[in-house]
Amino acid sequence: MDTTGIIIAIVALIIGLAIGFLIAKSIIEKGKASKIIADAKKEADSLLKDAEIKGEKLYNDKTYKAKEKFIELKSKHEKEIMQREKKMNDAEKRTRDKESKGFK
């Protein structure tokens, strides 16, 4: 083999090593990218789960408060009805008393 063949072989070896290094680096970077994507998906899932838990807690809290308010308003309404009925009964009693006094 002459020197030109040796030089070509060395250059080919260097080019082959460079291409191999670039391919290996690309594979490693793809692995890193895959890990980054997987980590991002895990983080997104975790955030979504936390949001669902917080949303459910907020929903339950608001529902509980709404029920309390409903019970409060219902109680107030029932008291008002009872007061009106009492006034009507008192008025009816007064009317009956007046009528019974008038006939005696």
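The rules we used
- Residues numbered from 1 in each chain as written.
- Predicted model: local features only at pLDDT ≥ 70, side-chain atom pairs only at ≥ 80, totals over all residues.
- Heavy atoms only, no water.
- Helix = DSSP H or I, 4+ residues; strand = E, 2+ residues; numbered from the N terminus.
- Rg over C-alpha atoms; globule rule 2.2 N^0.38 Å.
- Areas by Shrake-Rupley, 256 points an atom, 1.4 Å probe, with all protein chains shown as cover.
- Salt bridge = Lys/Arg side-chain N within 4 Å of Asp/Glu carboxyl O.
- Buried < 20%, exposed > 50% of the residue type's maximum accessible area, 1.4 Å probe, protein only.
- UniProt positions renumbered as here; feature names shortened; annotations may be inferred.
- Patch = residues over 30% accessible without salt bridge, like charges linked within 9 Å, V, L, I, M, F, W, Y side chains within 5 Å.

An unreviewed UniProt entry lists the protein under the name 2',3'-cyclic-nucleotide 2'-phosphodiesterase, with Nonlabens tegetincola given as the organism.

Asker: Outline the overall build of the protein, supporting the account with residue identities and numerical values.
Answerer: Counting its secondary structure elements, the protein contains one helix and zero strands. Taking 2.2 N^0.38 as the reference for a compact globule, 104 residues should give roughly 13 Å; the C-alpha atoms of the protein span a radius of gyration of 44 Å, well beyond that estimate. Its C-alpha atoms put the protein at 150 × 15 × 5 Å along the principal axes. For the protein, the exposed surface amounts to about 10,000 Å²; the carbon and sulfur share of it is 65%.

Asker: Report on the pattern of salt bridges, specifying residues and quantitative values.
Answerer: Taken as a whole and assessed by the stated rule, the structure comprises four salt bridges. The closest approach of N and O atoms between Lys 65 and Asp 61, which form a salt bridge, is 3.6 Å. Of the two residues, Lys 65 and Asp 61 are both situated in helix α1 (residues 3-102); the distance of four residues between them amounts to about one turn of the helix. By relative accessible area, Lys 65 is classed as partly exposed at 44%. Judged by relative accessible area, which is 31%, Asp 61 ranks as partly exposed. Its salt-bridge partner being Lys 69, residue Glu 72 comes within 3.8 Å of it at the nearest N-O pair. With Glu 72 and Lys 69 both in helix α1, this residue pair falls three residues apart, about one helical turn. By relative accessible area, Glu 72 is classed as partly exposed at 48%.

Asker: Please set out the UniProt feature "transmembrane region" (unreviewed entry) in the protein residue by residue, giving values where relevant.
Answerer: In the numbering used here, UniProt assigns the feature "transmembrane region" (unreviewed entry) to residues 6-24. A helix fraction of 100% and a strand fraction of 0% characterise residues 6-24, whose end C-alpha atoms lie 26 Å from each other.

Asker: With reference to specific residues and values, describe the UniProt feature "domain: Ribonuclease Y N-terminal" (unreviewed entry) in the protein.
Answerer: Following the UniProt record, the feature "domain: Ribonuclease Y N-terminal" (unreviewed entry) maps to residues 6-100 here. The distance separating the terminal C-alpha atoms of residues 6-100 is 138 Å; by composition the span is 100% helix and 0% strand.

Asker: Quick rundown of the environment of Lys 74? Include the residues and the values.
Answerer: For Lys 74, the location among the structural elements is in helix α1. Sequence separation of Lys 74 and Gly 5 is 69 residues, and the distance between their C-alpha atoms is 101 Å.

Asker: Lay out a nonpolar patch on the surface in plain terms, naming residues and giving numbers.
Answerer: Together, Ile 7, Val 11, Ile 15, Ile 19, Ile 23 and Ile 27 make up a nonpolar patch on the protein surface, roughly 560 Å² of accessible area in all. Considering the arrangement of structural elements, one finds Ile 7 in helix α1. When its relative accessible area of 52% is taken as the criterion, Ile 7 is described as exposed.

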